[in-house]
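Residue strings, one per chain:
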Amino acid sequence: RTHHVHVRTPEDARAALRFRDHLRGHPEAAARYAMLKRELSGRFATDRDAYGLGKGRFVEEIVRTAEDADPSRRG
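Residues numbered from 1 in each chain as written. Predicted model: local features only at pLDDT ≥ 70, side-chain atom pairs only at ≥ 80, totals over all residues. Heavy atoms only, no water.

K.L.:
So what's going on with the packing of helix H2 (residues 27-43) against helix H3 (residues 48-69)? Which residues, and what values?
P.N.:
When two helices pack together, their arrangement is captured by the angle between the axes and the distance separating the axes. It is the contact of H2 with H3, at a shortest axis distance of 9 Å, that shows an interaxial angle of 165 degrees. Here H2 is positioned roughly antiparallel relative to H3, judged by the angle of their axes. When you trace H2 past H3, the crossing you get is right-handed. Where H2 approaches H3, its residues Ala 29, Arg 32, Tyr 33, Leu 36, Lys 37, Leu 40 and Ser 41 are matched on the opposing element by Tyr 51, Gly 54, Lys 55, Phe 58, Val 59, Glu 61 and Ile 62. Of the residues assigned to the contact of H2 with H3, the class counts are 8 nonpolar, 2 polar and 4 charged. (Axes fitted to C-alpha atoms, helices over the stretch in contact; angles between N-to-C directions. Helix = DSSP H or I, 4+ residues; strand = E, 2+ residues; numbered from the N terminus. Parallel < 35°, antiparallel > 145°, perpendicular 65-115°, else oblique. Left-handed = near helix turned anticlockwise from the far one by under 90°. Contact = heavy atoms within 4.5 Å. Nonpolar A, V, L, I, M, F, W, Y, C, P; charged D, E, K, R; others polar.)

Next up, the structure:
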């Protein structure tokens, strides 16, 4: 495989962008994510689905944290 492409709806893209932006602004979270990815790539080197599932909980946690910190989401 030479490429892996993600296609997202505008709604789905918001969460991905929040995740990206949070990691850019929080180096400690980015370091935790990098460490998790290294661990998972060692455990699931030939199983892309298991690798993705392994990242899921971390990604959801970061997206929730980013949403909670976003003042525009407060009513």
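After presenting the structure, the write-up continues.
K.L.:
Which residues make up the side chain of Lys 55, and what are the values?
P.N.:
Assignment of secondary structure puts Lys 55 in helix H3. Lacking a salt bridge, the buried Lys 55 has Asp 49 as its closest oppositely charged neighbour, with an N-O distance of 11 Å. A polar side-chain atom of Lys 55 sits 3.4 Å from a polar atom in the side chain of Tyr 33. Not counting residues up to four positions away in its chain, the partners in contact with Lys 55 are Tyr 33, Leu 36, Lys 37 and Leu 40. (Buried < 20%, exposed > 50% of the residue type's maximum accessible area, 1.4 Å probe, protein only. Lys, Arg positive; Asp, Glu negative; His and termini not counted. Salt bridge = Lys/Arg side-chain N within 4 Å of Asp/Glu carboxyl O. Polar contact = N/O pair within 3.5 Å; in protein donor to acceptor, adjacent residues only side chain to side chain.)

K.L.:
Which residues make up the pattern of salt bridges, and what are the values?
P.N.:
For the structure shown, the criterion picks out 6 salt bridges. A salt bridge links Glu 61 to Arg 32, with the shortest nitrogen-to-oxygen separation between them at 3.2 Å. Of this pair, Glu 61 sits in helix H3 while Arg 32 sits in helix H2; the two residues are 29 residues apart in sequence, bridging distant segments of the chain. What makes Glu 61 partly exposed here is its relative accessible area of 31%. Residue classification places Arg 32 among the partly exposed positions, given a relative accessible area of 39%. For Arg 43, the salt bridge goes to Glu 39, with nearest N and O atoms at 2.6 Å. On the criterion of helical spacing, the pair formed by Arg 43 and Glu 39 is a turn pair, its members being 4 residues apart in helix H2.

K.L.:
Provide a residue-level description of the nonpolar core, including the pertinent values.
P.N.:
Formed by Phe 19, Leu 23, Ala 29, Tyr 33, Leu 36, Leu 40, Tyr 51, Phe 58, Ile 62 and Val 63, the largest nonpolar core amounts to 10 residues. Mapped by element, the contributors of at least two residues to this core are helix H1 (10-25), H2 and H3. Apart from the residues within four sequence positions on either side, Leu 40 is in contact with Ala 45, Tyr 51, Gly 54 and Lys 55. (Core = buried A, V, L, I, M, F, W, Y, C linked by side-chain atoms within 4.5 Å.)

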